[in-house]
Amino acid sequence: MRLLPAQPCLLCGAPSRTGVCCAACDAELPRLTGEHCPVCALPTPSGEVCGECLKHAPAFDHTVAAFSYGFPLDKLIQSLKFRDHLTLVNYLADAVARRANSTPDCLVALPLHPLRLRERGFNQSMLLGHRISHQLGIPLLPHACERVRNTPPQSSLPWKERDKNMRQAFACRPDADLRGKHVAIVDDVMTTGASIGELAQALKRAGAREVSAWVVARTLPHDR
Ligand SMILES: [Zn+2]
Ligand SMILES: [Zn+2]
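The structure displayed is predicted, hence computed values, not measured ones.

A. A look at the overall build of the protein chain. Summing up its helical and strand segments, the protein chain has eight helices and eight strands in all. Computed over the C-alpha atoms, the radius of gyration of the protein chain is 17 Å, within 12% of the 17 Å expected from 2.2 N^0.38 for a compact globule of 224 residues. With the principal axes as the frame, the protein chain shows a C-alpha extent of 50 × 40 × 35 Å. Looking at the protein chain as a whole, 49% of its 224 residues qualify as buried. Counting only contacts in the protein chain whose residues sit at least 6 apart along the sequence, the fraction spanning at least 24 positions is 71%.

B. Examining the coordination of the zinc ion (ligand 2) more closely. Within the protein, Cys37 (SG), Cys40 (SG), Cys50 (SG) and Cys53 (SG) serve as the donor atoms for the zinc ion (ligand 2), at 2.3 Å. Metal-centred angles of 103 to 116 degrees between the four donor atoms at the zinc ion (ligand 2) mark the site as tetrahedral. By relative accessible area, cysteine 53 is classed as buried at 9%.

C. Spatial organisation of the nonpolar core. Residues Val108, Ile185, Ile196, Leu199 and Leu203 are the most contacted members of the largest nonpolar core, which totals 36 residues. Where this core is concerned, the elements lending two or more residues are strand S4 (106–109), strand S6 (170–172), strand S7 (182–190), helix H8 (194–205) and strand S8 (210–218). Here the element with the most residues in this core is H8; it accounts for six residues. When near neighbours in sequence (up to four residues on either side) are disregarded, leucine 203 contacts Val108, Cys145, Cys172, Leu178, Val183, Ile185, Ala208 and Val211. Membership of the second largest hydrophobic core comes to 34 residues, among which are Leu29, Val64, Phe67 and Val186.

D. Fine view of the coordination of the zinc ion (ligand 1). Surrounding the zinc ion (ligand 1) are the protein donor atoms Cys9 (SG), Cys12 (SG), Cys22 (SG) and Cys25 (SG), at 2.3 Å. Coordination at the zinc ion (ligand 1) is tetrahedral: its four donor atoms span angles of 105 to 117 degrees at the metal. Look at where the donors of the zinc ion (ligand 1) fall in the sequence and you get C-x2-C-x9-C-x2-C. Of this pair, cysteine 9 sits in the loop between strand S1 (7–8) and strand S2 (15–16) while cysteine 22 is found in the loop between S2 and helix H1 (23–28), placing the two residues 13 residues apart along the sequence. Both residues of the pair, cysteine 9 and cysteine 22, belong to the buried class.

E. Summary view of helix H6 (residues 124–136). Between its first and last C-alpha atoms H6 spans 18 Å; for 13 residues at 1.5 Å apiece the expected length is 18 Å, and the two agree. Buried residues along H6 sit against helix H3 (73–82), helix H4 (86–99), S4, helix H5 (114–120), S7 and S8. Residue asparagine 123 occupies the N-cap position of H6, its side-chain oxygen lying 2.9 Å from the main-chain nitrogen of serine 125. Just downstream of H6, glycine 137 is the residue with a positive phi angle, here 70 degrees.

F. Here's a closer look at unusual backbone geometry. Geometrically, the link from phenylalanine 71 to proline 72 is a cis peptide bond, its omega value of -5 degrees lying close to zero. Relative to the helices and strands, proline 72 resides in the loop between strand S3 (62–68) and H3. The phi angle at alanine 41 is positive, at roughly 70 degrees, despite the residue not being glycine. As for its placement among the helices and strands, alanine 41 is situated in the loop between H1 and helix H2 (51–55). Classification of alanine 41 by relative accessible area gives buried; the value is 1%. Phi at glutamine 168 takes a positive value of approximately 55 degrees, unusual for a residue other than glycine. The residue glutamine 168 is located in the loop between helix H7 (159–166) and S6 in this model.

Calculation notes
- Residues numbered from 1 in each chain as written.
- Chains lettered and ligands numbered in written order.
- Predicted model: local features only at pLDDT ≥ 70, side-chain atom pairs only at ≥ 80, totals over all residues.
- Heavy atoms only, no water.
- Helix = DSSP H or I, 4+ residues; strand = E, 2+ residues; numbered from the N terminus.
- Rg over C-alpha atoms; globule rule 2.2 N^0.38 Å.
- Buried < 20%, exposed > 50% of the residue type's maximum accessible area, 1.4 Å probe, protein only.
- Contact = heavy atoms within 4.5 Å.
- Donors = N, O, S within 2.8 Å, 3.2 Å for Na, K, Ca; no water.
- Tetrahedral: all angles 85-135°; square planar, octahedral: opposite > 155°, others 65-115°.
- Core = buried A, V, L, I, M, F, W, Y, C linked by side-chain atoms within 4.5 Å.
- Expected span 1.5 Å × (residues − 1).
- Polar contact = N/O pair within 3.5 Å; in protein donor to acceptor, adjacent residues only side chain to side chain.

Written out as structure tokens, the structure reads:
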């Protein structure tokens, strides 16, 4: 490591060893370490299931989130979306892998619609999934699920419409053997949980026993 030239920090430009974050910026990242709802990862006073999950249990069973989606982590996520930056992918994926608290049978990445994939050239969730799979030795099933409806980006819609927008957006391929499996969905950001919830439903319809959500960042209510 010492022989490599220092790479500029993506956030402040100071020299960094990883080419992602210098030590000072790394220390500023909003890690999600406090007590939180085990289902959706929103903070709760003593780590109990939150009221929203009790009222309307989502189709996924647990969420692991490495960070909250706040400054300056949002800048890193944005760089991830707009360019295929392998050192950044590895850095964020490793943060998720370190927080993993169960060993699912397999991983799936939140799929992009083929048209969107062609525009962007890569699916950042798939890149994260490959790295996490490699680090934890859990197989990634890159073709098990697909996005069958090309929906407008969730970020372009008001909160209330996001559930409806995602309805029936995903399907699992009939040849993906998910019966009885614990599947973890890998994604970059969980905001309302609508996309991950829809994919979790599709996985459960295909026979998955348990679904976890593994995300880099969780949007907290005060960041909305
Ligand atoms: Zn920095
Ligand atoms: Zn919850």
